[in-house]
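# Descriptive structure summary
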Amino acid sequence: MQFIVKSVSPQTLKTATLVLAIGEGRSLDAAAKSIDAVSAGAISALLKRGDLTGKLGQTVLLHNPANLKAERLLLVGTGKDSELSDRQFRKAVSAVQNVLKNLAGSDAVLALDDLQVKGRDAYAKTRLLVETLADGEYLFERFKSQKSTAPALNKITLLTDPASQDEVTRGAVQAKAIAAGMAFTRDLGNLPPNLCHPSFLADQAVAMGKAHKNLKVEILDEKKLKELGMGAFLAVSQGSEQPPRLIVLHYQGGKKSEKPYALVGKGVTFDTGGISLKPGLGMDEMKYDMCGAASVFGTLHAVLELQLPINLVCLMACAENMPSGNATRPGDIVTTMSGQTVEILNTDAEGRLVLCDTLTYAERFKPQAVIDIATLTGACIVALGSHTSAVMGNNDDLLQQVLKAGQSADDRAWQLPLFDEYQEQLDSPFADIANIGGPKAGSITAGCFLSRFTKQYHWAHLDIAGTAWISGGKEKGATGRPVPLLTQFLLDRCPT
């Protein structure tokens, strides 16, 4: 989809569809007033007859409106509030998209500049608008023998006033890059696990490296992981015929002297639970257990498209967790790269095992901050549902930066505590630490486990078990979250 920003009167543009906003019980905004006057009161007549009320998400399509160069006039209701919430704004934009994608027109003009969204200026409003439209285009039909007909719409023009044009353009460019990163993440997540295994993800990293000169790629194989002493990481993969991979990507966009930020993604490409086998119902969705790594790939995709002036290290801990005669048993004790020993009481608490060694490995890059992203605990879904990611960490400033980025990107997170009292649940009589802390506060004790391996830097942990994919139903699939949050975090760290 192509997005163009212009500062012209809506009635002067020749287009397949002109889109205007109509509030419920409110007077027409400037754009709607001018179009109503030119079109001999077409909008006023609809309102008078009651065919259009302005209810949020309501749409009315007029063909061949009088005295306009537009072939169609699409009116979308924006509700009673003079200022919309993010959710209300997204609902109105999605309603527009649902109509446009079923029309034959190849372009549309959106005259929505007068819409007010709470807490958002022209730039931030455009980010939300374009991300919603671009992400709404997503389809995953790689394995369908009959594909959907491609929509005719391929260009959208955003109208704004001259004073806001630069900011609206900046918002559109960044939003398009973020949406592309989300689509990359969704594609990886939606792939079947017989194709998307650790070696496949390593191949994706190599391909990215070949396409970008300022991206260096390292792939650490099983032999190298053994040399590094990553006993916890290797314990997860030892039951599978698919060998593990630690993917390391170095993006150099800032000065060489600047310390990098690090993103660490859990990449368990399929999680049966191992010997602690999961129930069969819904196990197919455990292909999404690599969505942490996929979101790191997607964020890097956005960073590369925008060529952000920042240094970034991306580490993806990729393994497959399978039961077999070689698989790790409950009660096994392994030695991590840090030297700490772990008693594995549940082989289905495997994400923290691949992450703990990778977080130790991250120390060598002397990062400014580290954020790990993982579909780590079902307890997170119980606590926060599917709308909000959980965040924990060891530095208050970093946590506030992550929370602010989520708010700005409308990809929200909520902080959970890591009080010392929770650490006691991980005590083991046989090793330094157990890999589970019992049924209480499962998301928090998982964070406590990871915190034992992050003492050398500022660290935040995102548990995206509830937000990384939609479970079941016709909307089932990867969401691309938290690419918007992570990209916003990096944008906020860039020099202005």
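Look up a bit, the structure's there.
For the structure given in this document, a descriptive report is provided here. Think of each chain on its own: its residues are numbered from 1, step by step along the sequence as written. Since the coordinates come from a predicted model, pLDDT governs what is reported: local features require at least 70, and pairs of side-chain atoms require 80 or more to be given and counted, while whole-chain, interface and lining totals use all residues. Values shown for side chains rest on all heavy atoms present in the structure; no hydrogens or waters enter the calculation.

## Thoughts on the overall build of the protein chain
A run of H or I in DSSP becomes a helix once it reaches four residues, and a run of E becomes a strand once it reaches two; helices and strands are each numbered from the N terminus. A tally of regular secondary structure across the protein chain gives 15 helices and 21 strands. Expected size for 496 residues packed as a compact globule is a radius of gyration near 23 Å; at 25 Å, the protein chain falls within 12% of this value. With respect to the principal axes defined by its C-alpha atoms, the protein chain has extents near 85 × 50 × 45 Å. Residues count as neighbours in contact if any of their non-hydrogen atoms are within 4.5 Å of one another. Looking at the protein chain alone, contacts between residues at least 24 apart form 77% of all its contacts between residues at least 6 apart. Residues scored as positive are Lys and Arg, those scored as negative are Asp and Glu, and His as well as the terminal groups of each chain are ignored. For this purpose, a charge sits on NZ of Lys, CZ of Arg, CG of Asp or CD of Glu. The averaged location of the 52 negative side-chain charges in the protein chain is 5 Å from the averaged location of its 51 positive side-chain charges. As a reference, a globule follows 2.2 Å times the number of residues to the power 0.38, and the radius of gyration itself is taken over C-alpha atoms.

## Structural notes on the packing of aromatic side chains
Between the rings of Phe, Tyr and Trp (Trp by its six-membered ring), a pair exists once the centres lie within 6.5 Å; its type follows the angle of the planes, with under 30 degrees stacked, over 60 edge-to-face, and the other angles tilted. Under the definition given, this model contains seven aromatic pairs. A centroid spacing of 6.2 Å and a plane angle of 55 degrees characterise the contact between phenylalanine 184 and phenylalanine 297, whose relative ring orientation is tilted. Taken together, the residues span a long stretch of sequence, with phenylalanine 184 in helix α5 (residues 165-190) and phenylalanine 297 in helix α9 (residues 291-306) at a distance of 113 residues. The same class applies to phenylalanine 184 as to phenylalanine 297, namely buried. The classification of residues rests on relative accessible area computed with a 1.4 Å probe and restricted to protein chains. Under 20% of the type maximum is buried, over 50% is exposed, and intermediate values are partly exposed.

## Some points on the side chain of aspartate 36
Within the element layout of this structure, aspartate 36 appears in helix α1 (residues 30-38). Here aspartate 36 is in contact with Leu28, Gly41, Ala42, Ile43 and Ser44, once residues within four sequence places are set aside.

## Looking at the sheet that holds strand β4 (residues 72-77)
Either a parallel or an antiparallel arrangement is found when strands of a sheet pair, and the pairing is made through backbone hydrogen bonds. As summarised here, the arrangement of the six strands in space is β1-β8-β6-β2-β4-β3, forming an open sheet in which the pairing is mixed. At either end of the open sheet lies a strand with only one pairing partner, and these are β1 (2-6) and β3 (59-63). When the angles between neighbouring strand axes are averaged without regard to direction, this sheet yields 25 degrees. Relative to strand β6 (residues 107-111), strand β2 (residues 18-22) runs parallel, the two sharing three bridges. In the sheet register, leucine 18 faces β6, and the bridge partner there is valine 109. Angles shown run from 0 to 180 degrees and are taken between the N-to-C directions of axes, each axis being a line fitted to C-alpha atoms and, for helices, limited to the stretch in contact. Each of β1, β6 and β8 (155-159) touches helix α4 (residues 122-136); the most contacted strand, β8, lies at about 165 degrees to it. In this scheme, strands are said to pair when DSSP sees at least two bridges between them.

## Observations regarding the nonpolar core
As used here, the term nonpolar core means buried Ala, Val, Leu, Ile, Met, Phe, Trp, Tyr and Cys residues forming a set that is joined through side-chain atoms within 4.5 Å. The biggest cluster of nonpolar side chains holds 58 residues, and the ones touching the most others in it are Phe297 and Leu462. Among the elements that take part in this core, α9 stands out by supplying nine residues, more than any other. Contacts of phenylalanine 297, omitting those with residues within four sequence positions, involve Phe184, Leu188, Leu201, Gln204, Ala205, Met208, Ile247, Leu249 and Met316. Counting 47 residues, the second largest nonpolar core, distinct from the first, contains Ala235, Ile344, Tyr361 and Phe365.

## A word on a positive patch on the surface
A patch is a set of surface residues, each over 30% in relative accessible area and not in a salt bridge, joined within 9 Å for like charges and within 5 Å for the nonpolar side chains Val, Leu, Ile, Met, Phe, Trp and Tyr. Only the protein chains shown count as cover for residues, and the accessible areas themselves come from Shrake-Rupley with a 1.4 Å probe. For this analysis, a salt bridge means a side-chain nitrogen from Lys or Arg found within 4 Å of a carboxyl oxygen belonging to Asp or Glu. Together, Lys55, Arg87, Lys91 and Arg412 line one region of the surface with positive charge. Here lysine 55 is to be found in the loop between α2 (42-49) and β3.

## Considering the sheet that holds strand β18 (residues 433-434)
Taking strand neighbours across the sheet as the criterion, the three strands line up as β13-β14-β18 in an open arrangement whose pairing is mixed. Of all strands in the sheet, those bounded by a partner on one side alone are β13 (332-335) and β18.

## Regarding the packing of α1 against α2
The packing of two helices is summarised by the inter-axis angle and the distance between the axes. Two elements in contact, α1 and α2, have axes whose closest approach is 6 Å; the angle formed by their N-to-C orientations is 100 degrees. Taken together, the axis directions place α1 and α2 in an arrangement best described as roughly perpendicular. Residues Ala32, Ile35 and Asp36 of α1 lie in contact with α2, whose contacting residues are Ala42, Ile43 and Ser44. Residue type decides the class: Asp, Glu, Lys and Arg count as charged, Ala, Val, Leu, Ile, Met, Phe, Trp, Tyr, Cys and Pro as nonpolar, and the leftover types, Gly among them, as polar. Residue composition of the contact of α1 with α2, by class: four nonpolar, one polar and one charged. These descriptions rest on fixed angle ranges, namely under 35 degrees for roughly parallel, over 145 for roughly antiparallel, 65 to 115 for roughly perpendicular, and the rest for oblique.

## Focus: a negative patch on the surface
Side chains of Asp420, Glu421, Glu424 and Asp427 sit close together on the surface and give a patch of like negative charge. As for its position among the elements, glutamate 424 is in the loop between α13 (420-423) and β18.

## Here's the deal with unusual backbone geometry
A cis geometry characterises the amide bond from arginine 481 onward to proline 482, with omega recorded as 5 degrees. Summarising the element assignment, proline 482 is placed in the loop between β21 (477-478) and α15 (483-493). A positive phi is found at alanine 40, a non-glycine position, where the angle reads about 60 degrees. Along the chain, alanine 40 falls in the loop between α1 and α2. Given the relative accessible area of 65%, alanine 40 is considered exposed. With phi around 50 degrees, asparagine 64 is a residue other than glycine that occupies positive phi space. Inspection of the secondary structure assignment puts asparagine 64 in the loop between β3 and β4. The exposed category is assigned to asparagine 64, whose relative accessible area is 64%.

## Examining helix α10 (residues 351-361)
Side chains that are three or four residues apart share a direction in an α-helix, a result of its 3.6 residues per turn. Burial analysis of α10 places eleven of its eleven residues in the buried class, which makes it a mostly covered element. Turning to α10, its buried residues number three or more, namely Gly351, Arg352, Leu353, Val354, Leu355, Cys356, Asp357, Thr358, Leu359, Thr360 and Tyr361.

## Quick look at the pairing of strand β10 (residues 245-252)
For β10, a buried count of seven out of eight residues is recorded, marking the element as mostly surrounded by other parts of the structure. When strand β9 (residues 215-220) meets β10, the two strands line up antiparallel, connected through six bridges. Bridging from a neighbouring strand, valine 217 pairs with leucine 249 of β10. The pairing of β10 with strand β12 (residues 311-321) spans eight bridges and is antiparallel. Residue pairing for β12: glutamine 252 is matched across the bridge by asparagine 311.

## Observations regarding the packing of α4 against α5
α5 packs onto α4 with a crossing angle of 35 degrees between their chain directions and a minimal axis gap of 7 Å. Handedness of the α4/α5 crossing: right-handed. Contacts from Ala122, Tyr123, Thr126, Arg127, Val130, Glu131, Ala134 and Asp135 of α4 reach α5 at Glu167, Val168, Arg170, Gly171, Ala172, Gln174, Ala175, Lys176, Ile178, Ala179, Met182 and Arg186. In this scheme the crossing of two helices becomes right-handed for a clockwise turn of the near helix relative to the far one and left-handed for an anticlockwise turn of less than a right angle.

## Quick word on the pairing of β12
Counting buried positions over the eleven residues of β12 gives eleven, a clear majority of the element. Residues Asn311, Val313, Leu315, Ala317, Ala319 and Asn321 of β12 are buried on one face, and the alternating residues Leu312, Cys314, Met316, Cys318 and Glu320, pointing to the opposite face, are buried as well. The handedness of the strand β11 (residues 261-271) to β12 crossover, carried by α9, is right-handed. Here is how to tell: hold the view so the strands point away, follow the path from the first strand over the helix to the second, and if it runs clockwise the crossover is right-handed.

## Points about the pattern of salt bridges
With the rule as written, the count across this model stands at 15 salt bridges. For aspartate 86, the salt bridge goes to arginine 120, with nearest N and O atoms at 2.8 Å. With aspartate 86 in helix α3 (residues 86-100) and arginine 120 in the loop between β7 (116-117) and α4, this pair connects stretches of sequence that are 34 residues apart. For the pair formed by aspartate 86 and arginine 120, the shared burial category is buried. One salt bridge connects arginine 170 with glutamate 167, and the closest N-O pair in it is separated by 2.7 Å. With arginine 170 and glutamate 167 both in helix α5 and three residues apart, the pair spans about one turn of that helix.

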